[in-house]
Each structure stands twice: as C-alpha cells, then as structure tokens.
Amino acid sequence: MHVIDECTVQLKAGNGGNGIVAWRREAHNPYGGPYGGDGGKGGDVILVGDINTNTLMPLRNRKIIQAQDGENGRTKLQFGKNGNDYLVKVPLGTVAFHASTGEKICEILHDNEQYVICKGGLGGHGNAHFKNPQNKIPNLHENGEITKVLDVKLVIKYMADVGFVGLPNAGKSTLTCALTSAKPKVANYQFTTLQPVLGVCTFNNEKLVFADIPGLIEGASIGKGLGHEFLKHIERCNVLIHLISLNPVDHEDIIEAYETIRNELKVYKEELLHKPIIVVANKIDAPGSEKQLSKLKKHLKDNNILTVSAINQTNLDLLLEEVFNLYKKEQQRLQSLKETKKPAKVIELRKEVDYAADLVIEQVDDHIYRATCPYLEYWSNRIPLDTNDNIMRHNMKLKNIGVEEKVKKLGGKVGDTLLIYGNELTIE
C-alpha cells in the first residue's frame, strides 16, 4: 500500500437532539403537568491510535467524517438516545492541526490513545426541564446544539528510535537491510527510497526501531527534492545516524556533503542538531575512501567517526553497540529531565464574556436591520419561536445584550424588521 503521511479531512460531530413540549394526560392524574423529554447528545468524533495502521490513505478521499446526531426527546419524559461516536483510526505519531491556522490540536503517540477532536452537540431540554415552583406549566423547549465542520490537517511523524539521514546514495537503504528486518528497495542510483522505511533491530536481546529517511539534498528544507516531505519524521527520533559515503563517485567534496545535511537540519528545525548524532562513514571498501576519510576526520577533528561497509557488513556490531549505548544515555537524560521538571501550575482565569462587544447591527434596507454575533447565533438555533414562552425567552436574550437599543440608535423604529439568523422579528 502506498503510504500517505499527510491529508486534510473535514470532521463534524453529531448535532444534539431537540427537546419537546408534551403534557401528561391520564385519568388517575388530573393535575397532569409537563411531560416532554430532553434530546440526546450528538456523537463525538474521536481520533484513536492504531498500531496496525501505517497510512492515512483511507481518510484521504473521504468527503466528510460525521458522527451520529442525537435523537429528539419524546413524551412521557423519555430522553432521546445519544448519537454514536465516530472513531477515526490513525497511525501512531499522527499530529492534528487546524487546516486554516496551522495551530496544533493534538498528537496521538500510543496504541488505543483517544482524543475527542469534535465534541457532540448538547441535546435540547424538553418542557419538563423548565418546571419550577414559579412556573409549573412551562411551554418552553430547546433545539439541540448544531455542530460545525472542522477542517483538520493530519500529519504522520513516524515513531522511530533511530533515524538515518544523509545525501542520496549514502547507503542508508543497504544499511537498513543489514541492521533490521526491513527490506527497502536497494539500487546503485540516487533517490532509490521514495518513502520512509521502518525496521526493527535486535541487539543483545534489546530492540530499537530504525527509520530510513529518503535522501535529502541541498534546499530540502525549503521544498526541493524529496526530503522536505520527510524531514518531519526525524523529529521523533532519539538518536540520529548521519551516514556519509566515502566513495568519491558519490560526491566531489565530502566536506560540502557533510555540511549540506547539517545545514538542512538546522534550517528545518535547529533543535534537530541538539539530538545525539553519530557520524558514520560508509563504503570504506570503495577505491579512494582512505583519502575521503582523512579529509572528513580533519574537518571534524577526528570527532568519533565510525567507519563501516554496509554491503560487506563490516564493523556493524561496533555501530550497533554505539547506537544502543547512546540511546540508553539519551533515555536516562530525558527521564531525569522529566523527574526534575516541576509540574506546571494550572491557573484558571475566569472572566466575564462581553457578548455585546461582538454584536454587529447593520441596516440592509429601508426599515430592515440585521443583528449578528456568536451569542445570537447560538440562541437563535437553540430557541425555536413556536410558543409564546419561547418567544419571551428569546426576547430576553436580545435584551440582555441590548439589541433593541442599538437598533434604535441606528434609526430603527417601532414596526421595523429585525433579521436574526433566519428569524424575522418586529421591533416593538
């Protein structure tokens, strides 16, 4: 299956069910009373981590993913059934962003980890809910909440312990084959690997996941070549192996080849250079490799360069020992940071919402005005104007934010029309 590691989807939670107006009429209960039940809650849209999923392909062509609506309330105080949740299975390492703003919403890192990305709408209350000592026969009810479509960009950042980085033809695929159970395509030309490849490596009864990241080129961090699509997969690796070919045929200047990769990592995200990085010089059996290695050691001041031959499997045990030891040290460092880090103090700030500040009144025609704001939109959807009690409650919501006063300041008079989200009201 072709791996799709990015896609944009539309998600929508279920709408809440409507509450109803109903009355109790039974011979043995002459006083009766309100009997309308509440509507059910709409279903949530939930992202679920699935260890057996490795692509976003099933989601790419979905027009919209929608949870079930809640059922309407019924008479005899029967509540409507809640809508079923919709579980969206995603690979581990998936990050969700707002498609329009790029703001991060969540990330799924563990199997069966769940995140409610779209919450279902609340059910509307039936008239039985509004009964109180002051109003024993309320003719009030509500519609359920209407949910909105959320455009979400899903991006997979693969969960690997160790990542290979290097220019095309550095030998990453060959080394991945030699160290792990993965079987990527291997050939003697550049850009052989077109998708990231994960493989499990076992050493001294311990296991690590290695990631073969497609070859980077100069300018990959700004969109050139293939690498810009896969740099994000390096972010989750605890240890990086910077693989560089000692074969003079692969690049004329080995120093420039080394610095190209370093620069691309820095431009993309400088934090990548702070990860533990092992410099591994591959193809030591190639003609002219000694001269290339001498140049590299001089440039790095003999900075612990490991030499291997992936194709002949030379010094691979030394490489694995170094990788596993470095990985353990990094895990210990991260654990100590986690233990010493003080938990953030959560301070809940409560502030009054100034609904009137969002209110916009505009004249759209002679004697016709329109009022808009989130507060009005919400309650216009929730309160149906089909009973006198509901109309009074709706008018009270308008009065709370001074709608009528603002209309009259614009020149509105008694008898003029006020448009509020599909409702036509008359100014009194």
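About the criteria used
- Numbering of residues starts from 1 in each chain and follows the order in which that chain's sequence is written.
- It should be noted that, the model being predicted, local features are given only for residues of pLDDT at least 70 and side-chain atom pairs only at 80 or more, the latter also being counted only at that level, while totals for whole chains, interfaces and linings use all residues.
- Calculated side-chain values reflect all of the structure's heavy atoms, with hydrogen atoms and water omitted.
- UniProt positions are given in the numbering used here, feature names are shortened, and annotations may be inferred rather than shown by experiment.
- Buried means the residue's accessible area, taken with a 1.4 Å probe over protein chains only, is under 20% of the maximum for its type, while exposed means over 50%, and partly exposed covers the values in between.
- Both site types are read off a 1 Å grid over the protein atoms alone. A 1.4 Å probe that fits but cannot get out defines a cavity, while an open set with protein on both sides within 12 Å along at least five of seven lines defines a pocket; lining residues have an atom within 4 Å of a point.
- Grid points are joined across faces, edges and corners, and a volume is the space filled by probe spheres set on the points.
- Each helix is a run of H or I in the DSSP string that is no shorter than four residues. Each strand is a run of E no shorter than two, and both are numbered from the N terminus.
- In this classification, the charged set is Asp, Glu, Lys and Arg, the nonpolar set is Ala, Val, Leu, Ile, Met, Phe, Trp, Tyr, Cys and Pro, and all remaining amino acids, among them Gly, are polar.
- Strand pairing is assigned whenever DSSP identifies at least 2 bridges connecting the two strands.
- Under the pairing criterion, centres of Phe, Tyr and Trp rings, with the six-membered ring standing for Trp, must be within 6.5 Å; the plane angle then separates stacked pairs below 30 degrees from edge-to-face pairs above 60, leaving the rest tilted.
- Throughout this description, the term charge over a ring refers to an Arg CZ or Lys NZ atom that lies within 6 Å of the ring centre and within 35 degrees of the ring normal.
- Salt bridges are counted wherever a side-chain nitrogen of Lys or Arg sits within 4 Å of a carboxyl oxygen of Asp or Glu.
- Polar contact is the term for a pair of N or O atoms within 3.5 Å; when the atoms are in protein, one must be able to donate a hydrogen and the other to accept it, and sequence-neighboring residues count only if both atoms are side-chain atoms.
- Only the contacting stretch of a helix is used when fitting its axis, a line to C-alpha atoms as for every element, and angles between N-to-C directions run 0 to 180 degrees.

For the protein chain, the name recorded in an unreviewed UniProt entry is GTPase Obg, with Candidatus Malacoplasma girerdii as its organism. Per UniProt, the protein chain has the following entry under Sequence similarities (unreviewed entry): "Belongs to the TRAFAC class OBG-HflX-like GTPase superfamily. OBG GTPase family." Reading the Function (unreviewed entry) entry of the UniProt record for the protein chain gives the comment "An essential GTPase which binds GTP, GDP and possibly (p)ppGpp with moderate affinity, with high nucleotide exchange rates and a fairly low GTP hydrolysis rate. Plays a role in control of the cell cycle, stress response, ribosome biogenesis and in those bacteria that undergo differentiation, in morphogenesis control."

1. Some words on the UniProt feature "binding site: Mg(2+)" (unreviewed entry) in the protein chain
As annotated by UniProt and renumbered to match this structure, "binding site: Mg(2+)" (unreviewed entry) occupies Ser173 and Thr193. You can call serine 173 buried: its relative accessible area is 10%.

2. A look at empty space enclosed by the protein
Per the stated rule, a full pass over the model turns up 1 cavity of 30 Å³ or more. As a volume, the largest cavity reaches approximately 30 Å³. As for the largest cavity, its lining consists of Leu167, Ala170, His242, Leu243, Ile244, Ser245, His251, Ala257 and Ile261. Sort the elements by how many residues they give to the lining of the largest cavity and strand β12 (residues 239-245) lands first, with 4 residues. Among the residues forming the lining of the largest cavity, the class breakdown is 6 nonpolar, 3 polar and no charged.

3. Description of the pairing of strand β15 (residues 360-365)
Along any regular strand the residues' side chains alternate between the sheet's two faces. Relative to strand β16 (residues 368-372), β15 runs antiparallel, the two sharing 5 bridges. When the bridges of β16 are listed, valine 360 appears paired with threonine 372.

4. Some thoughts on the packing of aromatic side chains
The relative placement of two aromatic rings is captured by the distance of their centres and the angle of their planes. By the definition in use, this model includes 3 aromatic pairs. Aromatic pair phenylalanine 164 and phenylalanine 210: ring centres 5.7 Å apart, planes at 35 degrees, arrangement tilted. Of this pair, phenylalanine 164 sits in strand β9 (residues 162-165) while phenylalanine 210 sits in strand β11 (residues 206-212); the two residues are 46 residues apart in sequence, bridging distant segments of the chain. A residue is classified by how much of its surface remains accessible, and phenylalanine 164, at 0% relative accessible area, is buried. Looking at lysine 397, its charged tip hangs above the ring of tryptophan 379, at a distance of 4.0 Å from the centre.

5. Thoughts on the pattern of salt bridges
Summed over the entire model, instances satisfying the criterion amount to 17 salt bridges. We note a salt bridge from glutamate 71 to arginine 74, for which the minimum N-O separation is 3.5 Å. Accessibility expressed as a relative area gives 37% for arginine 74, which makes it partly exposed. Residues arginine 382 and glutamate 142 are paired through a salt bridge, measuring 2.9 Å at the closest nitrogen-oxygen approach. You can see arginine 382 sitting in helix α6 (residues 374-382) and its partner glutamate 142 sitting in the loop between β7 (114-118) and β8 (150-156), a full 240 residues away along the chain. An identical accessibility class is assigned to arginine 382 and glutamate 142; each is buried. Shared partners join several salt bridges into a network, and the residues in it are Glu142, Glu145, Arg382 and Arg393.

6. A few points about the sheet that holds strand β6 (residues 104-108)
Strands sit in the order β3-β1-β8-β5-β6 across an open sheet of 5 strands; the sheet is mixed. On the outer flanks of this sheet lie β3 (65-66) and β6, each paired with one strand and no other. The sheet contact formed by strand β1 (residues 6-12) and β8 spans 6 bridges and is antiparallel. Residue pairing for β8: cysteine 7 is matched across the bridge by leucine 154.

7. Some thoughts on the pairing of strand β18 (residues 423-426)
Of the two faces of β18, the one lined by Asn423 and Leu425 is fully buried and the one lined by Glu424 and Thr426 carries no buried residue. Inspection of the sheet shows strand β17 (residues 417-420) paired to β18 by 4 bridges, in the antiparallel sense. Bridging from a neighbouring strand, leucine 418 pairs with leucine 425 of β18. Linking β17 back to β18 in an antiparallel pair, the connection comprises 2 residues, with tyrosine 421 at a positive phi of about 50 degrees.

8. Section: the environment of serine 336
By the element assignment, serine 336 lies in helix α5 (residues 316-340). Polar contacts involving the side chain of serine 336 include one to the main-chain carbonyl oxygen of arginine 333, which spans 2.7 Å.

9. Things to note about the side chain of glutamine 292
Here glutamine 292 shows up in helix α4 (residues 289-300). By relative accessible area, glutamine 292 is classed as buried at 4%.

10. Let's talk about unusual backbone geometry
With phi around 70 degrees, asparagine 112 is a residue other than glycine that occupies positive phi space. The residue asparagine 112 is located in the loop between β6 and β7 in this model. Here asparagine 204, not a glycine, exhibits a phi torsion of approximately 50 degrees, which is positive. Checked against the element boundaries, asparagine 204 lands in the loop between β10 (197-203) and β11.

11. Overview of the sheet that holds strand β2 (residues 45-49)
Pairing is mixed across the open sheet formed by 3 strands, whose spatial order is β4-β2-β7. Of all strands in the sheet, those with a lone pairing partner are β4 (86-90) and β7, marking the two edges. Going across the sheet, the axis of each strand differs from the next one's by a mean of 30 degrees, ignoring polarity. Strand direction decides the pairing type here: β2 and β7, joined by 4 bridges, are antiparallel. Bridge assignment links leucine 47 to a residue of β7, and that residue is tyrosine 115.

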